[in-house]
Structure formats: C-alpha cells, structure tokens
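# Reading the structure
Take a look at the letters that make up each chain.
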Amino acid sequence: MTLTGLGSVFGGVAAAGLIIGLLTSGVTWAMGAHRAQAVACADGAGPAWLGRISEKHGTPVRVNILSAVLGSILFVVALNLTGGDGEKYFAAGLGLTISTTFISYVITFPSLAVLRRKYPDQERPYAVPGGRVGAWIVTALATGFVAFTVVVLVWPGFGVGWFGTAGNPADSLPESFAGQRLPYTLSQVLPLLLFVVIGLVFYACGARGRRRAREGAVDGR
C-alpha cells in the first residue's frame, strides 16, 4: 500500500522518529558497552592500555576508536561477502546480536547460587525466598530458559517434532535462508567462535594487570 496525502506526511514523520530512535538507542548502548569494556580491561580482563579513561573527555577514547575501526572493517567485509545484499543477512545478524546478549545471561544468572553460597549473610535489597534451595531453583530455571533460547537462535527449529509435535525444523529458518541450514548455522557459529577466541586473547593480555593488582593488594595489607 502506498501512502498519499496526509498519510505520507505521517508516514515520513514516523519513519524519521524510528531512525532517530534507533540512532540514539544504538549510541547509548555503544557508550555503555565501551565503558564496560574499558573498566573490564582496567580490571585485568583485557589489555591495560584499553582501560585508560581520557582525563580531558572522561570517556574511554581508545575503546571508542578501536570500536570504530573494527566496525568500519566489518562493514566493508560484509558488503563484499554479501555482494551488497544486506537484506538476506539481516535476520542472521539480528539473531547473532540477540544470542550474544543471551549468552552473557547464561554466564551471569548462575552467580545467584554462587553468591548465596559464598555470602549467605550478606544483606541485599532484593532476595529470592527459599534459602539456598530457592536460589538453586530460580538459577536453574532462568539459566535453562536462556540457554534454550540461545540454542534456538543458533539452530532455528530446535525441538520441533519432539514429543509428538508436528512441524519441520527447516521451516523455522529465516525466509532469506529458506532451505539453507548450513549457511545460516555458519553465520551464527563462526562469529561466536571468533568472539570466544578474542575474549581468550584479551584475558591473556590482561594477565600482567591482574598480577599487579594481586601484588598491590598484598602490599596494601
């Protein structure tokens, strides 16, 4: 349907609002992610030089620049790999973005049970009832649901046809990847493996910073 008259005006306003909303949300998310990465590097989870905060701007300029460079490289690579057909890989990129976020939850949620076991008497503004058993139940349910979501994102259709249910797992693939299970799976698995490798490299690079922090803690006693 083609909008005309006042409808086209409202459609343009809505489109502009959507673009501005996405832009501001993306910038806000990037600012938070950059600062979190800088703090993690400063704490020894990555190269210490990436953990520097600019005294002039109060921002992690080095992480900002690195992110911009990597983003530009990935943009050029994506255009060449897709032949300019970004529409086909939009669903794959969206799924990968969501799965990477949910993977962090898979690692985060079990901390509830760990903290309840290590620091049971610590006062907290919010607490799961039921003691240690309640914490384990909530941890298992939350982690299980999130882990299942990650599997479904990486392998659409996972579980379809189980327990007598009808359906074909291949029908759950994005429309742009219809009948192309392997290409879609590779578009998810390969970047995830790359992220893991980068994380391990960063952690190895932060070994010196962690060692200095431990030595400083010992000297400060």
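Nothing here was measured: the structure is a model prediction, and the numbers come from that model.

## Remarks on a positive patch on the surface
Taken together, R208, R211, R212 and R214 make up a surface patch of like positive charges. Tracing the sequence through the fold places R212 in helix α7 (residues 207-219).

## As for a nonpolar patch on the surface
Side chains of I65, V69, L70, I73 and V77 sit close together on the surface and give an oily, nonpolar patch of about 420 Å² of accessible area. Tracing the backbone shows V69 in helix α2 (residues 61-82). The exposure class assigned to V69 is partly exposed, which follows from its relative accessible area of 43%.

## Here we look at the state of the cysteines
With the rule as written, the count across this model stands at 0 disulfides. Free cysteine: C41, not disulfide-bonded; nearest cysteine sulfur from C205 at 9.2 Å. For C205, a relative accessible area of 43% gives the class partly exposed.

## Overview of the side chain of R116
On the secondary structure map, R116 appears in helix α4 (residues 111-118). Buried within the structure, R116 lacks any salt-bridge partner; its nearest side chain of opposite charge belongs to D121, at an N-O separation of 9.3 Å. One polar contact links the side chain of R116 to the main-chain carbonyl oxygen of G131, over a distance of 2.8 Å. Ignoring any residue separated from it by four or fewer positions in sequence, one finds R116 in contact with A127, V128, G131, R132 and A135.

## Side note on the packing of α4 against helix α5 (residues 131-154)
The contact between α4 and α5 brings their axes to 8 Å, and the two run at 165 degrees. By the angle between their directions, the pair α4 and α5 is classed as roughly antiparallel. With respect to the hand of their crossing, α4 and α5 are arranged in left-handed fashion. Taken together, the residues of α5 that come into contact with α4 (itself represented by L112, A113, R116 and R117) are G131, R132, A135, W136, V138 and T139. Residues belonging to the contact of α4 with α5 are distributed by class as follows: 5 nonpolar, 2 polar and 3 charged.

## What to know about helix α1 (residues 6-45)
Here α1 is 40 residues long and its end C-alpha atoms lie 54 Å apart, about the 58 Å a rise of 1.5 Å per residue gives. When α1 is considered as a whole, its buried residues turn out to be H34, A38, C41 and G44.

## Points about the packing of aromatic side chains
Counted by the stated rule, this structure contains 2 aromatic pairs. When the ring of Y105 is compared with that of F109, the centres are 5.7 Å apart and the planes differ by 10 degrees; the resulting orientation is stacked. You can call Y105 partly exposed: its relative accessible area is 35%. Residue classification places F109 among the partly exposed positions, given a relative accessible area of 31%. Taken together, the ring pairs connect F102, Y105 and F109 into an aromatic cluster. Over the face of the ring belonging to W155 we find R181, whose NZ or CZ atom lies 4.3 Å from the ring centre.

## Details of the confidence of the model for the protein chain
Looking at the protein chain as a whole, the pLDDT averages 82, with 90% of positions reaching at least 70. The secondary-structure element of the protein chain with the lowest mean pLDDT is α7, recorded at 71, while α5 shows the highest, at 90.

## Points about the environment of A147
Checked against the element boundaries, A147 lands in helix α5. Separated by 26 residues in the primary sequence, A147 and D121 place their C-alpha atoms 29 Å from one another.

## Re the environment of A140
Note that A140 resides in helix α5. Given the relative accessible area of 51%, A140 is considered exposed. Spatially, the C-alpha atom of A140 lies 7.7 Å from that of P110, the residues being 30 residues apart in sequence.

Scoring rules and cut-offs
Residues numbered from 1 in each chain as written. Predicted model: local features only at pLDDT ≥ 70, side-chain atom pairs only at ≥ 80, totals over all residues. Heavy atoms only, no water. Patch = residues over 30% accessible without salt bridge, like charges linked within 9 Å, V, L, I, M, F, W, Y side chains within 5 Å. Areas by Shrake-Rupley, 256 points an atom, 1.4 Å probe, with all protein chains shown as cover. Salt bridge = Lys/Arg side-chain N within 4 Å of Asp/Glu carboxyl O. Lys, Arg positive; Asp, Glu negative; His and termini not counted. Charge placed at Lys NZ, Arg CZ, Asp CG, Glu CD. Helix = DSSP H or I, 4+ residues; strand = E, 2+ residues; numbered from the N terminus. Buried < 20%, exposed > 50% of the residue type's maximum accessible area, 1.4 Å probe, protein only. Disulfide = S-S within 2.5 Å. Polar contact = N/O pair within 3.5 Å; in protein donor to acceptor, adjacent residues only side chain to side chain. Contact = heavy atoms within 4.5 Å. Axes fitted to C-alpha atoms, helices over the stretch in contact; angles between N-to-C directions. Parallel < 35°, antiparallel > 145°, perpendicular 65-115°, else oblique. Left-handed = near helix turned anticlockwise from the far one by under 90°. Nonpolar A, V, L, I, M, F, W, Y, C, P; charged D, E, K, R; others polar. Expected span 1.5 Å × (residues − 1). Phe/Tyr/Trp six-rings, centres within 6.5 Å; stacked < 30°, edge-to-face > 60°. Lys NZ or Arg CZ within 6 Å of the ring centre and 35° of its normal. pLDDT = per-residue confidence, 0-100.

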